[in-house]
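# Structural overview
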Amino acid sequence: MHAVLRYALVPVLLLSIGAGRPNPTEHLDGYSAATARQELDWETKFRAIPEPDTLRAHMRLLSARPHHVGSPYDKQNAEWILARFKEWGFDAHIEQFDVLFPTPTKRVLELVAPTRYVAKLHEPVVPGDPTSSQQKEQLPTYNAYSPDGDVTADLVFVNYGLPEDYDQLDRLGISVKGKIVIAKYGRSWRGIKPKVAAEHGAIGCIIYSDPADDGYVQGDTFPVGPMRPSQGVQRGSVMDVPLYGGDPLTPGVGADKNAKRLPLSEAKSIARIPTLPISYGDAQPLLAALRGPVAPEPWRGGLPITYHVGPGPAKVHLAVKFDWAIKPIYDVIGKIPGSSAPDEWVIRGNHHDGWVNGASDPISGQVAMLEEARAFGALLKQGWRPKRTIIYAAWDGEEPMLLGSTEWAEEHAAELQQHAVAYINSDGNGRGYLGMSGSHTLQHFINDVARDITDPETQLSVWKRDWLRRQQGGGRNGQRGGNGASPSSAPQGDLPIGALGTGSDYTPFLQHLGIATLNLGFGGENDGGVYHSIYDDFYWYTHFSDTSFVYGRALAQTAGTAIMRLADADVLPFEFTALARTVSNYTDQVQQLLDQERAEAQRQNAEIAQGVFKATADPREPTVPPKVQAVPPYLNFAPLQNAVATLTTSAQAYARAMQQSRYAADGSNAAPPAANGINALLMRSERDLTDSAGLPGRPWYIHTLYAPGVYTGYGAKTMPGVREAIELDQWDRAQQQIERVAQVLNREAALIDSASTMLR
C-alpha cells in the first residue's frame, strides 16, 4: 500500500512519454562502429541476467544475523561471497587487515537533577520482526571512536550542533564550556557534533534523532510504518574523517600484520569528548528538564514539549568506556583478467559489513553487486572477455569509517595509481530515482549509461524519469548544493551529477589517490527511519523499501553496464567539457562567497556606526549589537579565471577531436593506432587534478576539487582549499590556494591537449 500511494502521485506525463524499453544508444563514445555493435549486444545479454528473486534470496542470507566488524557472521558472509566469486569464474581471494575497532563495555546516561531519569539505551524487540530479537549478537547503541569518559554537568541544547548554532548561543549569552551538550542528528555528519562541541569547551556530547526529522512527524513508525520508533537509535562512527579515513592507528599505510601503529593517545582522528547516541524517547525527559531561553523557532523539534536551551537546571551524568581492541576485517577481492589491456583496472565496490543486520545499509547494494558478478560469470561462459581487468571488491569495515576500502587502497596505492581506470561505488539501494555523483570527467559517460537502463515501474529510461522530475521542479536525492556542492551546469542533453564528500568507500580512491569515481544508487521513494538501528533488517526492507527488488536489479544493470563499457572501450570514454563547466561554476561560487563576506561585514559595520541594529525575529531573544567586522581584502582570482578559460578551450578541442575521429570509419574491429597512448593519458586525468601536498591541515586529502568539509563531514566542499580558507578568513592561504588550483587546472589542460593531438 505504501508503494501504491506514492506512485499514485506520479503525473500521467511519466507514463505517456517514451513508454516502453528505451532503445540503446546507437553510438558509444570510445568505440568504433564495429566494437560498439558488439558491446551493445553483450550489454543486452548482461542486463537480461539479474533476477529479483536472486537478490531477495541473497539479502535474506546475508542479513540473517548481525554482521558487524569482528562478529562471526561478518567472517562467514565474507567466506560465502568468496565462494560465489570463485563459482562465477573470478580469480578471488580475501585480504585481511587488522584495525582498531572499539566496542562499549560501559554506557550510562542519567538525569540527576532536578529529577532523576535513567536512559534505557536499548532498542526493544518488535513482535513480528524475527531478527530484532537477536539481542545477544547485536552491538549496543553507541558511537564508535568516542573516547572513554565519565562526566557530570549541566545540559545545554545546541540544535544540530553546527558552528552557526554556537554563534546563535553566543548571541543569547550562553556558553557550553564545562557543559554537556545535546544535539539533534541531521544537517551534518554526526562526527562534526562532538568536534564542534569540544572546540567550544563542552565536556560531553549526546546525539538524538528528533521525531521532526526522523520519527512520527514524518510518518507512521515501525512496525506500522517505516519511520524510526521512539526507542530507535542511530549507531555510527564519530571519527574525524575529514582529517583522514581508515584505521586511526595506521594513517596512510595499509593496516596489515606488519604495519607500524600509532599509540592510541596519538590517533588524531578519534573524537575528543565522550559521545553517546540516544533515542528520542530517552531524549524527551532530558530536554523537558531544561529551562533558560526558549529555543529559537527553527531549533524546535517534534517532541510534545517546550524546547528550552538551558543551561540547567537539567544536570546529566554521562559515562562511556570501551574495549579498544584490534579486530580483523575481510575484504573479498574478485578479478576477471583483461584480454588485451590487463594492466588497466576497472574497479567496483560495495561493503558487506553492517552495524547490525544491515539489510538496507549495505546489503541492498551488496546483493546488486553480486548479481552483476553472477551475470559476468554467465557471460564468461558464453565467450565474453573484457579488454581491461575488472576487479570486484566486497569491502569490510565501512561502517566504523571506511576501514576495509581505505586499508586496501593504502596497501595497493602505488599499483592503483599506475593501473586504475575508474572506481564505481554503491552502498545502500532503495526505490525511486537514480542518484549519480562523482568525477565530472565521467558525467557524460554515466548519463549515456542511464539512458540505456529501464526504470522498472514507469518503463521509461532511468535517465528520462529523473529528467522529468527535474523539469517539474523536483530535486534529486543526494545532490543538494549546500557548502558549495551545487550540481554543475551540465552540457546540453546531460543531467548534472553531484560532487562527492565522504561517507562511503569511494573516498580513498577519489580523494586520496585521484582515481576517477562514480557513486550510484536508487532512492527518493523509500522514506524510512531505521538507519543504523536493529530494525534495518530483511523484514523492514521487504515491507517498506524496494519490496519487489526491481530497483536492486536496476542498480545491477546500471553499475554492471558502466563497468562493461569502461572495460571494453577502445578509447576510455572520459569527457572534459562537463569538468570545465563545473570548475567554472566552482570558481564563480568562491568569488561570490568572498563578495558576500565583504558585503556582510560592511553592512554590520554600517549598522554599528549608525547605532541601528536588526531586531531578532523572536521577541524573547535579546537584540545584541553585532561585533565590528574586519572587511575581507580583495583576492586576485585572475590566475584561476585564466586557468578555467584554458581548461575550457582544451576541453572543447578534445570534444571536437573525439567527434571527428570516429576511430575505424570502415567498420573494422581495429582500435585507433594511438589508443594505448591516449588511454594512458586519460587514466592520469583525475590524478592530475590532485596536489601531493594535500589540503591545508589534512594532507591525506589531495584532490583539489572535491573533499569532505572540515565542518560538514559527509557533505562535499568543492574547490576546498580556496573555499575553506575564505570561510576561515585566512586570506594569505586563500591566495596561495587560488594559485595552487590554477596550476593544477593548467596541468590538466596540457594533458587534454596532448590527448587531442594523439586523436588527430
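My aim in this report is to walk through the structure given alongside it, one point at a time. (Residues numbered from 1 in each chain as written. Predicted model: local features only at pLDDT ≥ 70, side-chain atom pairs only at ≥ 80, totals over all residues. Heavy atoms only, no water.)

## Describing the packing of aromatic side chains
Aromatic rings considered in pairs are described by the distance between their centres and by the relative angle of their planes. Enumeration over the complete set of coordinates arrives at 26 aromatic pairs. With 6.4 Å between their ring centres and 10° between their planes, W463 and W467 make a pair best called stacked. Highlighted residues: W463 and W467, both in helix α15 (residues 462-471), separated by four residues, approximately one helical turn. Ring centres 5.6 Å apart and planes at 45° place the aromatic pair Y541 and F549 in the tilted group. Given the relative accessible area of 1%, Y541 is considered buried. Among the aromatic residues, those joined into a ring-pair cluster are F46, F85, F90, F376, W384 and Y392. Across the ring face of W345, the terminal group of K335 is positioned such that the distance to the ring centre comes to 5.7 Å. For the cation-ring pair, R469 lies above Y433, with the distance from its terminal atom to the ring centre recorded as 3.5 Å. (Phe/Tyr/Trp six-rings, centres within 6.5 Å; stacked < 30°, edge-to-face > 60°. Helix = DSSP H or I, 4+ residues; strand = E, 2+ residues; numbered from the N terminus. Buried < 20%, exposed > 50% of the residue type's maximum accessible area, 1.4 Å probe, protein only. Lys NZ or Arg CZ within 6 Å of the ring centre and 35° of its normal.)

## Describing the packing of helix α3 (residues 33-47) against helix α10 (residues 359-381)
For any two helices packed against each other, one specifies the crossing angle of their axes together with the interaxial distance. With their axes 9 Å apart at the nearest point, α3 and α10 run at an angle of 125° to one another. Viewed along their axes, α3 and α10 adopt a mutual orientation that is oblique. Pair α3 / α10 crosses with right-handed handedness. Contacts between α3 and α10 involve W42, K45 and F46 from the first element and E372, A375, F376 and L379 from the second. Among the residues making up the contact of α3 with α10, the classes are represented as five nonpolar, no polar and two charged. (Axes fitted to C-alpha atoms, helices over the stretch in contact; angles between N-to-C directions. Parallel < 35°, antiparallel > 145°, perpendicular 65-115°, else oblique. Left-handed = near helix turned anticlockwise from the far one by under 90°. Contact = heavy atoms within 4.5 Å. Nonpolar A, V, L, I, M, F, W, Y, C, P; charged D, E, K, R; others polar.)

## Examining the sheet that holds strand β12 (residues 341-351)
Pairing in this open sheet of seven strands is mixed, and the strands run β1-β11-β13-β12-β14-β16-β15 from one edge to the other. Unpaired on one side and paired on the other, β1 (91-100) and β15 (432-438) mark the two borders of the sheet. Adjacent strand axes in the sheet meet at a mean angle of 20°, parallel and antiparallel pairs treated alike. Sheet analysis places β12 next to strand β14 (residues 420-425), joined by five bridges and oriented parallel. Following the sheet pairing, W345 is matched in β14 by A420. Sheet strands touched by helix α5 (residues 72-87): β1, β11 (326-336) and β13 (388-395). Its angle to β11, the strand with the most contacts, is close to 10°. Its contacts with the sheet place helix α14 (residues 443-451) against β15 and β16 (517-524), and it is angled at close to 160° to β15. (Pairing = 2+ DSSP bridges.)

## Remarks on the environment of V316
Relative to the helices and strands, V316 is located in strand β10 (residues 315-323). Separated by 135 residues in the primary sequence, V316 and V181 have C-alpha atoms spaced 9.8 Å apart.

## Some remarks on the sheet that holds strand β6 (residues 180-184)
Read from one edge of the open sheet, seven strands run β3-β2-β10-β5-β6-β7-β9, paired in mixed fashion. Strand pairing shows two members of the sheet lacking a second neighbour, β3 (117-118) and β9 (275-278), which therefore form its edges. As paired elements, β6 and strand β7 (residues 204-208) share five bridges and run parallel to each other. Each bridged residue has a counterpart across the sheet, and for V181 the counterpart in β7 is C205. Here helix α7 (residues 192-199) sits on the sheet and contacts β6, β7 and β9; the angle it forms with β7, its principal contact strand, is near 145°.

## A look at the pattern of salt bridges
Across all of its chains, the model carries 26 salt bridges by this definition. The salt bridge partner of D455 is R465, with a shortest N-O separation of 3.3 Å. Of the two residues, D455 is situated in the loop between α14 and α15 and R465 in helix α15; the sequence distance between them amounts to 10 residues. Residue D455 is classed as buried on the basis of its relative accessible area, which comes to 1%. Judged by relative accessible area, R465 falls into the buried class, the value being 1%. Measuring nitrogen to oxygen at the nearest pair gives 3.4 Å for the salt bridge that ties R470 to D466. Of this pair, R470 and D466 both sit in helix α15, four residues apart, which is roughly one turn of that helix. Overall, D466 belongs to the buried group, its relative accessible area being 1%. Taken together, the shared-partner salt bridges connect E43, R47, D452 and R565 into one network. (Salt bridge = Lys/Arg side-chain N within 4 Å of Asp/Glu carboxyl O.)

## Section: the packing of α3 against helix α18 (residues 550-568)
With their axes 10 Å apart at the nearest point, α3 and α18 run at an angle of 155° to one another. With respect to α18, the element α3 is oriented roughly antiparallel. At the point where α3 passes α18, the crossing takes the right-handed sense. Within the contact between the two elements, α3 uses E39, L40, W42, E43, F46 and R47 and α18 uses A556, Q557, G560, T561, M564, R565 and D568. Here the contact of α3 with α18 is built from residues that sort into five nonpolar, three polar and five charged.

## Let's talk about α5
Between the first and last C-alpha of α5 there are 23 Å, a value that for 16 residues agrees with the 22 Å anticipated at 1.5 Å per step. All of the buried residues along α5 are Y73, D74, N77, A78, I81, L82, R84 and F85. Residues of α5 that are buried sit in contact with α4 (52-62), β1, β11, α10 and β13. Note on α5: the residue one or two positions beyond its end, G89, has a positive phi of about 95°. (Expected span 1.5 Å × (residues − 1).)

## Things to note about the pairing of β6
Of all five residues in β6, five are buried, a share of seventy percent or more. Side chains I180, I182 and K184 of β6 all project onto a buried face; the interleaved residues V181 and A183 project onto the opposite face, where all are buried too. Both strand β5 (residues 149-157) and β6 contribute to a ladder of three bridges, which runs parallel. Following the sheet pairing, F157 is matched in β6 by I182. Each parallel crossover has a hand, and for β6 linked through α7 to β7 it is right-handed. (Right-handed = clockwise from strand over helix to strand, strands pointing away.)

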